[in-house]
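What the coordinates show
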Amino acid sequence: MSIPQQGGGPIERFEQLAEYLEAGNKPKADWRIGTEHEKFGYTKDTLLPLPYEGPRSIRAMLEGLRDRYGWAPVLEQDKIIGLTKGAANVSLEPGGQFELSGAPLVSVHQTCDEVNEHLREVHAIADEIGAGFIGLGAAPIWSEKQMPMMPKGRYRLMTDYMGRVGTHGTQMMYRTCTVQVNLDFASEADMVQKFRVALALQPVATALFANSPFFDGKVNGFKSWRSRIWRDLDPARTGTLPFAFEDGMGFQRYVDYALDVPMYFVYRDGKYIDALGQSFRDFMKGKLPALPGELPTLSDWADHLTTIFPEARLKKFIETRGADGGPWRRLCALPALWVGLLYDQSALDAAWDLVKGWDTETREGLRVAASVSALDAEAGGVKMRDLAREVLKIAEAGLKARAIPGAGGMIPDETHFLNALQESVESGKVPADELLARYHGDWKGDLTRIYADYSY
């Protein structure tokens, strides 16, 4: 979840909303990679989630990173709720999921180095306080009552609202983790092509990264329960956005969509003001019930955009959002997949050729089937394993064309970061399949074994 946006004067013209998104346009030389990943923390002796307060806690983790590694604290109402260092930040999801939002970097080599450094720091502090961290798409055992709530005002508001508009919203907030990558675009046309490919191919990421077959202490019948949760969360702000594939898609069309998404809050003077269900269109007219007579600022608009959760999201960059959190190799594989598809024009064209003939039913069918069956999914005559194989070929070609070396030139390009995904396609098995095999095999149904065997 995003930290409050800063800066930006009052919105005086309706056109400023689309101009805000358009300001993300960058020449190819300035394109960067921003990787975000979340993980669950727990106490090693009890195997329960880390509370916010106490000697073994989220607060102790944040303070340890601050004091030892030079991260600057982010405070809300005098409580530490995040960290910043350079262009990177550490933030908290509602149930204490620990998230690194990485700096904008040039290569997958760099972003993987960043992930490794972050996990080393986290591991060092966690070992000292008796905590552990695990990468999964959903909490395998913990109940909702066992999850702490982080001291962030937006989460109190969201928790209340989620209970009114869907059946799975609080499950998403408190008991899921994801990995995503944020990528740039050069122009409106480039954004549209990338956004369409990102939306259409999110089911491939869901399948390849499926890593949440357990929930509430038992097998749940889905390879990606996290993906299943998103289908019954809040239809006004989730989904595969059919309008993005229609004629006329562009920055303004996304603005029109975002304006129709009910608001959560307005952030003022360090506090979140309840605007649940209210309209940003009314805010533009000075008629927001939460702040009568007041007009929004560009930071209000930026905040509102962070409360929209489609499978791919548009801000001043594109966020890909379909993957479960997972093991180390897949934290590096996710940016490699999308950089390979979206940052080379020939690869992007090939990816678009692959999906441009699909209708809404096929795209949505693949999304649903991927959550259930991962690489065994099929919808609209499209077999997921075959599709994933073709997508990886395109991504590999895109990374080869980028030809960005690593390890001081010893590694010629970024293609080796796809190895974990290639292995999945060849075997037909994704992380969820491995977890299920362990559960029914040597774990003998003892799901607590997951912590010892799969923690970072």
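The structure reproduced in this document is the subject of the present report. Predicted model only: the values in this text are computed from it and were never measured.

1. A closer look at helix α16 (residues 431–440)
- Taken residue by residue, α16 has Pro 431, Ala 432, Asp 433, Leu 435, Leu 436 and Tyr 439 as its buried positions.
- Those residues of α16 that are buried are in contact with α6 (188–208), β8 (214–215), β9 (218–219), α11 (328–342) and α17 (449–454).

2. Some remarks on the packing of helix α3 (residues 108–129) against α11
- Axis separation between α3 and α11 bottoms out at 10 Å; the angle between their running directions is 155 degrees. Regarding the angle of α3 to α11, the classification is roughly antiparallel. By crossing handedness, the relation of α3 to α11 is classed as right-handed. Counted together, Val 108, Thr 111, Cys 112, Val 115, Asn 116 and Leu 119 of α3 and Trp 328, Leu 331, Cys 332, Pro 335, Ala 336 and Val 339 of α11 form the full contact between these two elements.
- Partitioning the contact of α3 with α11 into residue classes produces ten nonpolar, two polar and no charged.

3. Examining the side chain of Gln 278
- With respect to the helices and strands, Gln 278 occurs in the loop between β12 (271–274) and α9 (280–284).
- Discounting residues that sit within four places of it in the chain, Gln 278 has contacts with Pro 262, Met 263, Leu 288, Pro 289 and Ala 290.

4. Some thoughts on the pairing of strand β1 (residues 33–43)
- Judged by how many residues are buried, β1 sits mostly within the fold: eleven of eleven residues are covered.
- The two faces of β1 match: Ile 33, Thr 35, His 37, Lys 39, Gly 41 and Thr 43 on one face and Gly 34, Glu 36, Glu 38, Phe 40 and Tyr 42 on the other face are all buried.
- Both β1 and strand β7 (residues 178–183) contribute to a ladder of five bridges, which runs antiparallel. Within β7, the residue paired with Thr 35 across the bridge is Val 181.
- Across four bridges, β1 lies against strand β5 (residues 98–101) in antiparallel orientation. Note on β5: the bridge partner recorded for Glu 38 is Glu 99.
- With four bridges connecting them, β1 and strand β6 (residues 131–134) associate as antiparallel partners. Across the sheet, the residue bridging to Tyr 42 is Gly 132, located in β6.

About the thresholds
Residues numbered from 1 in each chain as written. Predicted model: local features only at pLDDT ≥ 70, side-chain atom pairs only at ≥ 80, totals over all residues. Heavy atoms only, no water. Buried < 20%, exposed > 50% of the residue type's maximum accessible area, 1.4 Å probe, protein only. Helix = DSSP H or I, 4+ residues; strand = E, 2+ residues; numbered from the N terminus. Contact = heavy atoms within 4.5 Å. Axes fitted to C-alpha atoms, helices over the stretch in contact; angles between N-to-C directions. Parallel < 35°, antiparallel > 145°, perpendicular 65-115°, else oblique. Left-handed = near helix turned anticlockwise from the far one by under 90°. Nonpolar A, V, L, I, M, F, W, Y, C, P; charged D, E, K, R; others polar. Pairing = 2+ DSSP bridges.

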